[in-house]
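# Structural description and commentary
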Protein chains: 2
Amino acid sequence: MSAIAAQRAVRGRFLDIQHTVCQAAEIAQAVRYIEDGLLITTAGKITWFGPWQEGQHLIHPELAVTHYPEQLIVPGFIDTHIHFPQTEIVGAYGEQLLEWLNTYTFPAELKFKDQAYADKIAEFFVQELLKNGTTTALVFCTVHATSVDALFEAAQQHNMRLIAGKVMMDRHAPDALCDTPESAYSDSKALIEKWHGKGRNLYAITPRFAPTSTAEQLSKAGQLKAEYPEVYVHTHLSENKNEIAWVKELFPAHDNYLDVYHHYGLTGQRSIFAHCVHLEEAEWDCLHATNSAIAFCPTSNLFLGSGLFPLKKTWQKQVKVGLGTDIGAGTSFSQLQTLNEAYKVQQLQGDKLSAFESLYHATLGGAKALDLDDKLGNFNLGKEADFIVLDLKATALQALRQQQVSGIEQALFALMTMGDDRNIHSTYIYGEPVYVKA
Amino acid sequence: MSAIAAQRAVRGRFLDIQHTVCQAAEIAQAVRYIEDGLLITTAGKITWFGPWQEGQHLIHPELAVTHYPEQLIVPGFIDTHIHFPQTEIVGAYGEQLLEWLNTYTFPAELKFKDQAYADKIAEFFVQELLKNGTTTALVFCTVHATSVDALFEAAQQHNMRLIAGKVMMDRHAPDALCDTPESAYSDSKALIEKWHGKGRNLYAITPRFAPTSTAEQLSKAGQLKAEYPEVYVHTHLSENKNEIAWVKELFPAHDNYLDVYHHYGLTGQRSIFAHCVHLEEAEWDCLHATNSAIAFCPTSNLFLGSGLFPLKKTWQKQVKVGLGTDIGAGTSFSQLQTLNEAYKVQQLQGDKLSAFESLYHATLGGAKALDLDDKLGNFNLGKEADFIVLDLKATALQALRQQQVSGIEQALFALMTMGDDRNIHSTYIYGEPVYVKA
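Cut-offs used in this document
- Residues numbered from 1 in each chain as written.
- Chains lettered and ligands numbered in written order.
- Predicted model: local features only at pLDDT ≥ 70, side-chain atom pairs only at ≥ 80, totals over all residues.
- Helix = DSSP H or I, 4+ residues; strand = E, 2+ residues; numbered from the N terminus.
- Rg over C-alpha atoms; globule rule 2.2 N^0.38 Å.
- Buried ≥ 20, exposed ≤ 12 C-beta atoms within 10 Å, placed from the backbone.
- Axes fitted to C-alpha atoms, helices over the stretch in contact; angles between N-to-C directions.
- Parallel < 35°, antiparallel > 145°, perpendicular 65-115°, else oblique.
- Contact = placed C-beta atoms within 7 Å.
- Nonpolar A, V, L, I, M, F, W, Y, C, P; charged D, E, K, R; others polar.
- Domains from an automatic or database assignment.
- Pairing = 2+ DSSP bridges.
- Right-handed = clockwise from strand over helix to strand, strands pointing away.
- Core = buried A, V, L, I, M, F, W, Y, C linked by C-beta atoms within 7 Å.
- Expected span 1.5 Å × (residues − 1).
- Least-squares fit on C-alpha atoms with pLDDT ≥ 70 in both.
- Arc of directions from axis to C-beta.

### Comments concerning the overall build of chain A
When its secondary structure is counted, chain A shows 17 helices and 16 strands. For 438 residues, the compact-globule estimate of 2.2 N^0.38 gives 22 Å, and chain A sits close to it at 21 Å. Its C-alpha atoms put chain A at 65 × 50 × 40 Å along the principal axes. With 438 residues in all, chain A has 60% of them scored as buried.

The following block contains the structure:
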């Protein structure tokens, strides 16, 4: 491939956050908005970014420029918690967490023993991510190694950076969905060897949650993490009050829910805990001390009636946080719809979630939560070129609204309140357009 | 027009609720689901409804049958609380009720002094209703009589049954948006004479809320209601805690917020109070005793952080309730999206909102709240033929999900969780298709 063939030049309105921050109040100053900008990518990485005026002379004469004069280009959305085998159970009625798992989730996950079925849903799932502008996700598979193969293969076809892992679960679930401490260890280890760092794929050690893993299995998970410190840990924490009570019953010797994971070496800079709706102070402190991250999943927390996540506290306690759709307890693949409800969850607590803070959580903040902010999340030089082209006027009502707004922040907020997959005009992965709205 | 020219025959899958109920548990038994049904309308009214097998021989040989083999046909949605002049401020950032009014609402409403502008937005608004399957709505206009003319004229073009009225507001608002007790009375009276009962239009006496009307104005509103007992009363009640405290300060002699309205004769069978999130027991009792109704507006209550409406209590206290989008504090014109969040609001309170109960609130229950259940809300003979044709598989994700459901209740719930305007295939008003999705 010639140098030019590996290049892309995209012109348009660009918006991103230039660097990570320690407080929400710092975000506005880190916002970078270029009304007429140019992005040049080479072999998937960003090699030039800035105003069109300054960059246009750098474009090779044979390189065509893709121009989006009407749209808004932002970094790809990052989904820090989602279950691909639950794609087909979105909108399953009437239960809170523990009953919901037994009634809907486990029966759905049983089907993933079948490789053909897993392949079909994996491909569908990846298409839904792209259609919704999500370019990176941290994904639960099922207990079956085949489900992990299916997902990574689907992601690899589009060169997507996904993080995923096989569920570890050796109790309180149907036999056919249970592994053992040993098989969970050996299967996960084989998958790490097979997939972690292959292309853009990354592996996550994935115990479902403390109630479905014995102490022996958690110990094995910790052993694996110690052997492969660069892989991720992905699990659930403090989503629902009955769940928390159950963990206290199952692990009476531990100070709190998080202490179970911490004890087995499962906290850390590449550990992501989904939900964290009802944390005790000591758990906040442990997340901070270990540099662990939270995945905030508003549509799921509302749909299952789990509670209201105190986003503001992540800034106070200096705990990393990303946004998660949590399909299929969440109700939409769209990070825009997720942000709509994230805002509402904060309003119910008397807190304001600004459009720029929302953008931060959906992009660079999510990248930081996944310890990928050196590679993803904005248009800085050297970063991987995952970005999306947003149409702010995808419906008549949005078009009317956008005529009324003044400034990019109001425009962005209106988009986040009313937007859905229709607002995703195009999705670029590693410099290439892999989805264009019909 | 010949008898046949006035007739329509529609064949397809029909779902409705046969009669009003006193308890949620009675709804399932009142559900009527006809997999292959026939609806015949004559001059806008339902003249035959039942299974295709039984009705097909009744169809005049020259009458064409419109067949929807794949869709689901339900009564038109009823929106019991919405502001048409706020159409263009959906997704305005960062405030709770009182600040939101001053910052966004009042400036938007000032524009409606201009008849051409009012006409433009009224037409847009009616199109949005139809596009979202809403066939009847109870609507706030602005203080300007012209805004009412604009809306009723737009509705009349489609023969829609709308209820609307001019805002009465004589304090705590910009001067240009204030009327006086006398002008509010005389302008409203003129509008009643002009519009109430003309075609399908109905009028609502519309004091914005107690804080923006003096006692004198509320007294005039009550006088008008006494003179025209068949017109509606439409206002706000107990949406936000600061609002409630303000009312107590402004009307210290009254037992509670609702007592202000009740004192001036503004409660009753055709009185609808939007929100009612924080009612005292005595207020529930007064709503019940006066047969007044509540408009439950979940997306708005979440967006403004007002609180969680206790829907279950409407059954316990036997108070009529309908569903409202409350555009523009609400975030969607779609009753499907409104039901998605209605479910979540109940889940947060540990209550289950079934798909059939949701359908009830959006159709027949809403009609009852508006004292129109003799005319609207289901397919009973003699009712006005307002109905919608739903596409249950409007997106790839919905199509996948609908393959998994078993039975109409699960199908309906999935629709209500994931649906939006894309699911509205066609909207019929008074027997005529006035909207068909492109």
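### Considerations on the packing of helix α13 (residues 335-348) of chain B against helix α17 (residues 408-418) of chain B
All names here are of chain B. Between α13 and α17, whose axes approach to 6 Å, the crossing angle comes to 95°. For the element pair α13 / α17, the angle class is roughly perpendicular. Where α13 approaches α17, its residues L336, L339 and N340 are matched on the opposing element by L415, M416 and T417. The class makeup of the residues in the contact of α13 with α17 is 4 nonpolar, 2 polar and no charged.

### A look at the domain arrangement of chain A
Residues and elements named next belong to chain A. Here the domain parsing of chain A yields domain 1 (7-75 + 377-436) and domain 2 (77-369). A separation of 28 Å is found between the C-alpha centroids of domain 1 and domain 2. On the domain 2 side, the residues contacting the 32 residues of domain 1 number 29 residues. Sorting the residues of the side of domain 1 that touches domain 2 by element identifies β1 (7-17), α1 (27-30), β4 (65-75), α17 (408-418), β15 (424-429) and β16 (432-436) as the ones contributing at least two each. Looking at the side of domain 1 that touches domain 2 element by element, the count peaks at 6 residues for α17.

### Some remarks on the pairing of strand β2 (residues 31-42) of chain B
Residues and elements named next belong to chain B. Sheet analysis places strand β1 (residues 7-17) next to β2, joined by 10 bridges and oriented antiparallel. Residue A9 lies in a different strand from β2, and its bridge partner there is I40. Pairing between β2 and strand β3 (residues 45-51): 6 bridges, direction antiparallel. The residue bridging I40 from the neighbouring strand is W48, located in β3.

### Description of unusual backbone geometry
Residues and elements named next belong to chain A. In this model, I327 is joined to G328 through a cis peptide bond whose omega is 0°. Inspection of the secondary structure assignment puts G328 in the loop between β13 (320-323) and α13 (335-347). The backbone of H275 sits at a positive phi, close to 90°, despite the residue not being glycine. With respect to the element layout, H275 can be found in strand β11 (residues 271-275).

### Quick notes on the sheet that holds strand β2 (residues 31-42) of chain A
Residues and elements named next belong to chain A. The sheet built from 7 strands is open, its strands ordered β3-β2-β1-β4-β14-β15-β16 with mixed pairing. Whereas interior strands pair on both sides, the edge strands pair on one side only; in this sheet they are β3 (45-51) and β16. On average, each strand axis in the sheet is tilted by 35° relative to the strand beside it, whichever way the strands run. Pairing of strand β14 (residues 387-390) with β15, which is carried by 4 bridges, proceeds in the antiparallel orientation. Its bridge partner lying in β15, I388 is registered against T427.

### Description of the interface of chain B and chain A
Counting residues at the interface gives 31 residues for chain B, matched by 31 residues for chain A. At the level of elements, α4 (115-131), α11 (298-303), α13, α16 (396-404) and α17 of chain B are the ones that each hand at least two residues to the side of chain B that touches chain A. In terms of residue count, α17(B) provides more of the side of chain B that touches chain A than any other element does, 5 residues in total. Here the side of chain B that touches chain A is built from residues that sort into 15 nonpolar, 11 polar and 5 charged.

### Re the pairing of strand β7 (residues 161-165) of chain A
All names here are of chain A. In terms of residue burial, β7 counts as a mostly covered element, since 5 of its 5 residues are buried. Two elements, strand β6 (residues 134-140) and β7, share 5 bridges in a ladder whose sense is parallel. Considered in β7, the bridge of A137 is made with L162. Handedness of the β6-helix α5 (residues 145-157)-β7 crossover: right-handed. Pairing of β7 with strand β9 (residues 202-207) involves 2 bridges; the strand directions are parallel. Among the inter-strand pairings, I163 is bridged to a residue of β9, identified as L202.

### Points about the nonpolar core
Counting residues in hydrophobic clusters, the biggest one holds 292 residues, and the most contacted among them are A:V139, A:L151, B:V139 and B:L151. The contact partners of B:V139, leaving out residues within four places of it in the chain, are B:I82, B:F84, B:L151, B:L162, B:I163 and B:A164.

### Let's talk about α13(B)
Relative to the 20 Å expected for 14 residues at 1.5 Å per residue, α13(B) spans 20 Å between its end C-alpha atoms, a close match to the ideal helical length. Immediately downstream of α13(B), the backbone of B:G350 shows phi near 75°, a positive value.

### So, the sheet that holds β3(B)
All names here are of chain B. Read from one edge to the other, the open sheet built from 7 strands follows the order β3-β2-β1-β4-β14-β15-β16, with strand pairing classed as mixed. Because the sheet does not close on itself, it has two edges, and the strands there are β3 and β16 (432-436). Averaged over neighbouring strand pairs, the angle between their axes works out to 35° when direction is ignored. Of the pairings in the sheet, the one linking strand β15 (residues 424-429) to β16 comprises 4 bridges and is antiparallel in character. Each residue of the ladder has a partner; that of T427, found in β16, is Y435.

### So, the relation of the copies chain B and chain A
For the pair chain B and chain A, the superposition axis carries a translation of 0.0 Å, the fit reaches an RMSD of 0.0 Å, and the rotation angle comes to 180°. Taken together, the rotation and translation describe the operation of a two-fold axis. No C-alpha of chain B approaches the rotation axis more nearly than that of B:E341, which lies at 4.7 Å. Of the interface residues in chain B, 100% have counterparts in chain A that sit at the interface too, so the contact is made through matching surfaces.

### Remarks on helix α6 (residues 181-195) of chain B
Residues and elements named next belong to chain B. When the terminal C-alpha atoms of α6 are compared, their 21 Å separation across 15 residues agrees well with the 21 Å that a helix rising 1.5 Å per residue should span. Listing the buried residues of α6 in full gives A184, Y185, S188, L191, I192 and W195. Relative to the axis of α6, the buried residues are bounded by an arc of 140° and lie together on one face. The exposed set on the far side of α6, more than 90 degrees from its buried face, consists of E182 and E193. Structurally, α6 contributes buried residues whose contacts are with α5 (145-157), β7 (161-165), β8 (167-168), β9 (202-207) and α7 (215-227). At the C-terminal side of α6, G197 shows a positive phi close to 80°.

### Remarks on the environment of A:S183
Within the secondary structure, A:S183 sits in helix α6 (residues 181-195). When the C-alpha positions of A:S183 and A:F413 are compared, they lie 47 Å apart, and in sequence the two are 230 residues distant.

### What to know about the environment of B:W52
Inspection of the secondary structure puts B:W52 in helix α2 (residues 52-55). Distance in space between the C-alpha atoms of B:W52 and B:V10 is 9.7 Å, their sequence separation being 42 residues.

### Side note on the environment of B:A289
Residue and element names in this part refer to chain B. Note on placement: A289 falls in helix α10 (residues 281-290). Classification of A289 by C-beta neighbours within 10 Å gives exposed; the count is 12. Between the C-alpha atom of A289 and that of H278, which follows or precedes it by 11 residues, the distance is 18 Å.

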